[in-house]
Amino acid sequence: QLQFVESGGGLVQPGGSLRLSCAASGFTLDYYGIGWFRQAPGKEHEGVSCISGSDSSTYYADSVKGRFTISRDNAKNTVYLQMNSLKPEDTAVYYCAAISFGCSVVVGSRYKYDYWGQGTQVTVSS
């Protein structure tokens, strides 16, 4: 109950693309804000993007603006993160999470999220 399953990670060359999926079970995503976070070895936990549950407003970290796109398909109970123009510094474990109110990826916002997935590895390397 109340879990996420992330998928879509893998190895990609710089400049390539991946689409991550976050599928929920035990609850519906319709009215939750969904955030994507990432953490690489030796680096701080970082908010990447989020989409609100109310009006589907989207937010992006400066480091991914113009390259990543978050979206949701409520019929499939799934949120996606389309990642284009990938860079080696995008290498990390990516996690999705649900928040019961609002949506944020600013520093410290991760503590407001209620449910977390197990993560999926993204590696960008030539």
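As shown above, the structure is provided for reference.
Quick caveat, the model's predicted, so the values are computed rather than measured.

Regarding the pairing of strand S7 (residues 68-73)
Only one face of S7 is buried, namely the one carrying Phe 68, Ile 70 and Arg 72, since none of Thr 69, Ser 71 and Asp 73 on the opposite face is buried. Alignment of S7 against strand S8 (residues 78-83), held across 6 bridges, turns out to be antiparallel. Paired with Ile 70 across the bridge in S8 is Leu 81. Here S7 hands over to S8 after 4 residues, with Asn 77 in that stretch at a positive phi of 55°.

Structural notes on the state of the cysteines
A full pass over the atoms with the stated rule returns 2 disulfides. Residue Cys 22 pairs covalently with Cys 96 via a disulfide, S to S 1.8 Å. Taking the sign of the S-S torsion, about 70° here, the bridge from Cys 22 to Cys 96 comes out right-handed. Taken together, the residues span a long stretch of sequence, with Cys 22 in strand S3 (residues 18-25) and Cys 96 in strand S9 (residues 92-99) at a distance of 74 residues. Shown here is the disulfide that connects Cys 50 with Cys 103, its sulfur atoms set 1.8 Å apart. Sign of the S-S torsion, about 130° for the bond between Cys 50 and Cys 103, identifies this disulfide as right-handed.

Rules used in this analysis
- Residues numbered from 1 in each chain as written.
- Predicted model: local features only at pLDDT ≥ 70, side-chain atom pairs only at ≥ 80, totals over all residues.
- Heavy atoms only, no water.
- Buried < 20%, exposed > 50% of the residue type's maximum accessible area, 1.4 Å probe, protein only.
- Helix = DSSP H or I, 4+ residues; strand = E, 2+ residues; numbered from the N terminus.
- Pairing = 2+ DSSP bridges.
- Disulfide = S-S within 2.5 Å.

Just geometry here; none of it tells us what the structure is for.
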